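Working through the structure, step by step
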Amino acid sequence: MPSSDWLDLRGWVERFVGWSMDGLHDTLPSGDIDLQATISLPRGIWPHDIVIGPIFDLQREFAAMQPGLEAFFNATIVCTIVFTTVMMTMLPIPYIERKFIGRLMDRLGATTTLRSLWVGESGVTAGEWWNQLPFGMGAPIGWGNRLLNSIWGNDHPLETVSRVNNRSYHGYWFLLPGFFQAFADFTKFAGKEHIVPKNADKIVFEVAPVIIISTTVLVFAFIPFGPHFYIASPELSTIFMMAVFGVAPLGVFFAGWSSNNKYTLIGGMRSAAQLTAYEIPLLITVLGVCVLSGSFNIIEIVDFQISEGDIWNVFMMPLGAVLFLITMIAEVERIPFDMPEAEAELVEGWWTEYGGLRWGFMFMAEYMRSFAACLLFALFFLGGWEAPFQGSLESMPLVGGALGTLFSIIPGIVWVLGKAWLLFAVFVWIRASLHRVRSDQILEFGWRWLLPLSIVNLALAIFLRVWVWDSGWGFFWIWDSGWGLVAPIVMMLMGVVGFAILVLDEDKEALETMRRPYSTYIPGRDPVKASPGSHRDSEARS
């Protein structure tokens, strides 16, 4: 049964547009309007009268094109609202990146807050500009500025905090320290000059960012934020979405090649090789999700987890969830798979020669791709807009009814965004925990490990769908609905055992030939695993 909630965006817009069009139709005059004119020429020139102009009924003509107008305005309004929602809900993404990575590194991270509006930068302000406004209109602004400075200014009981000035934290957590750093960065990018390298292929250089940004934005056309909060939901929305998601790497390679710079070219070539190696396991993993759910439609995949399957896909496909997470991190080129950008050796990788707004928009597109990856993981594996263990909590005695009412009040978009933001925090956690893998090891990991594992995952999905779900084996079927109890337990145990084998297994040959990630080579010594302090410890032992 399709899921639903009270936030029926498409229904509201459709009813509003229909009501508006019906009202406009009724206000138009009814009856025929004669705009014809008759021209009579001498018989010797033309034997008949010439009639020009139409006779039409405004209401009838408007009714003929009303369905098309309603579809156009429906699509325009829904696209505007959903795209605005995407951009607004993306604001916490750079904030999570800055603050969480700072906390993991035992720092505060970015601390610029709203205080910069009245404190200024390092004590430098624009002066009392409000006094120049006519008719005393600036007096309330000046009063507000003095009030804010007296409450949340630079004065602090600790001298060291006051000395740091407006960049300090001051403990005002409700001013969201670091949240508005993204706005400051965008203003900086907007003010920079765009320079095209002299020997660059100018047309391709300018087209590449358009390919990257436009395809990234287009991905969100197929991502639903709720059962009724989406732009488009075609029957094959998963295929369309993944096809569009795979176009951006072409723009990456074009950007690296067209810049006519050795660093950008190396970055573009690394990106093309890496994304090819990880795109195939990603697509096979998504195919496994579609096979297990019995649909290529993203909304139907979520509905399968909520109603039919009655369990999230992460419990039925733990291997698929891990594969999707790893391949998506590689697709968006985040640490430890960010060798195409590798600022330590390639300056800034394939986008070294870009600056200004183009660099800012491509930076935004990178975060949008990461956000899309988190949203897709939440939809494919975490039940989408269903609360965690919602069915079990609603069936509990005594409190089940109250919890069911609470879940019905909270719209599905809240759960989708919460899961996506939490998963992005996992992305940041991985960035803080791991360091870069060599390019050859990245490719080897994709082709020799992830590709076979994705095929195994697809085979498991086919087995579960055909021999467990469709045939309804009694051993796996504990109750009358959903996957039952034994099947997810068996799949989770298989995942735990497989992970334990992978962790405990040591391939001696791989260690000797340095084919394991994070293995480094020191002339005259055995290969060692690269980790903080490993070189220092080895030198101390020698």
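So, here's what we can say about the structure.

Here's the deal with empty space enclosed by the protein
- Applying the stated criterion across every chain, the model contains one cavity of 30 Å³ or more.
- What the largest cavity holds in volume is close to 130 Å³.
- Secondary structure elements with two or more residues in the lining of the largest cavity: helix H10 (248-258) and helix H16 (356-381).
- Among the elements that line the lining of the largest cavity, the one with the most residues is H16, at four residues.
- Within the lining of the largest cavity, the residues separate by chemical class into ten nonpolar, no polar and five charged.

Re helix H11 (residues 262-293)
- Helix length check: H11 (32 residues) gives 46 Å between terminal C-alpha atoms against 46 Å at 1.5 Å per residue, within 8%.
- Put simply, Asn261 is the residue that caps the front of H11, since its side-chain oxygen is 2.7 Å from the backbone nitrogen of Tyr263.
- Directly beyond the C-terminal end of H11, a positive phi value near 75° is found at Gly294.

Examining the side chain of Asn297
- One can find Asn297 in the loop between H11 and helix H12 (298-308).
- Owing to a relative accessible area of 5%, Asn297 belongs among the buried residues under this scheme.
- A distance of 3.1 Å separates a polar side-chain atom of Asn297 from the backbone nitrogen of Glu300.
- Setting aside its immediate chain neighbours within four residues, Asn297 contacts Ser233, Pro234, Glu235, Ser237 and Thr238.

The rules we used
Per chain, the residues get numbers from 1 upward, laid out in the order the sequence is written. Only residues with pLDDT of at least 70 are given local features in this predicted model, and only at 80 or more are side-chain atom pairs given and counted; all residues enter the totals for whole chains, interfaces and linings. Only hydrogens and water are set aside when side-chain values are computed; all heavy atoms of the structure are taken into account. Put simply, the grid is 1 Å and covers the protein atoms alone, a cavity is a trapped set of points that fit a 1.4 Å probe, a pocket is an open set with protein on both sides within 12 Å along at least five of seven lines, and lining residues have an atom within 4 Å of a point. Grid points are joined across faces, edges and corners, and a volume is the space filled by probe spheres set on the points. Secondary structure elements are taken from DSSP: a helix is a run of H or I of four residues or more, a strand is a run of E of two residues or more, and numbering for both begins at the N terminus. Throughout this entry, Asp, Glu, Lys and Arg are counted as charged residues, while Ala, Val, Leu, Ile, Met, Phe, Trp, Tyr, Cys and Pro are counted as nonpolar. The remaining residues, Gly among them, count as polar. What a helix should span is 1.5 Å times the count of its residues minus one. In protein, a polar contact means a hydrogen-donor-capable atom and an acceptor-capable atom, both N or O and within 3.5 Å, with residues adjacent in sequence counting only if both atoms are side-chain atoms; elsewhere, any N or O pair within 3.5 Å suffices. Relative accessibility thresholds used throughout: buried, under 20% of the residue-type maximum; exposed, over 50%; partly exposed, between the two (1.4 Å probe, protein chains only). Whether two residues are in contact is decided by their heavy atoms, any of which lying within 4.5 Å being enough.

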